[in-house]
Amino acid sequence: MVHALRGGDRPGEVRVVVDGMAHYYLAYASTPVPTGAEVLIINDRGARQIDVEPWPIVAGGDGPR
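Residues numbered from 1 in each chain as written. Predicted model: local features only at pLDDT ≥ 70, side-chain atom pairs only at ≥ 80, totals over all residues. Heavy atoms only, no water.

Enquirer: Can you tell me about the pattern of salt bridges, naming the residues and giving the values?
Expert: Taken as a whole and judged by the stated rule, the model has 1 salt bridge. Residue R45 is joined to D51 by a salt bridge in which the shortest nitrogen-to-oxygen separation is 2.7 Å. (Salt bridge = Lys/Arg side-chain N within 4 Å of Asp/Glu carboxyl O.)

Right, here's the structure in full:
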């Protein structure tokens with residue numbers, strides 16, 4: 001994540017790397033997500049805007065994934 005997501009109607013910015021190339025999107029989440037957190041894309045709004053949610057952390061694991 002590049003810029004924190006404030007939640008609700010206020011977007012933040014995420015970087016998505018595909019085949020080694022970075023792409024930047026305005027991102028919306030229902031709850032705030034801090035800068036540097038990993039997110040899961042759940043919807044494409046078009047025009048480089050997406051809906052995301054925090055990447056789930058599995059209990060007992062080594063963190064995200």
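Enquirer: Break down the environment of G8 for me, citing the residues and quoting the values.
Expert: Within the secondary structure, G8 is located in the segment before strand 1 (12–18). Dropping the residues within four chain positions of it, G8 is found in contact with Y28, A29 and S30. (Helix = DSSP H or I, 4+ residues; strand = E, 2+ residues; numbered from the N terminus. Contact = heavy atoms within 4.5 Å.)

Enquirer: Account for the layout of surface pockets, with residues named and values stated.
Expert: By volume, the largest pocket is sized at about 200 Å³. Lining the largest pocket are 10 residues, with R15, V16, V17, E38 and V39 sitting closest to its centre. Of all elements in the fold, only strand 1 and strand 3 (39–46) reach the threshold of two or more residues within the lining of the largest pocket. Of the residues forming the lining of the largest pocket, the biggest block, 4 residues, is contributed by strand 1. Partitioned by chemical class, the residues of the lining of the largest pocket number 8 nonpolar, no polar and 2 charged. (1 Å grid on protein atoms, 1.4 Å probe; cavity = no way out; pocket = protein on both sides within 12 Å on 5 of 7 lines; lining within 4 Å. Points joined across faces, edges and corners; volume = space filled by probe spheres on them. Nonpolar A, V, L, I, M, F, W, Y, C, P; charged D, E, K, R; others polar.)

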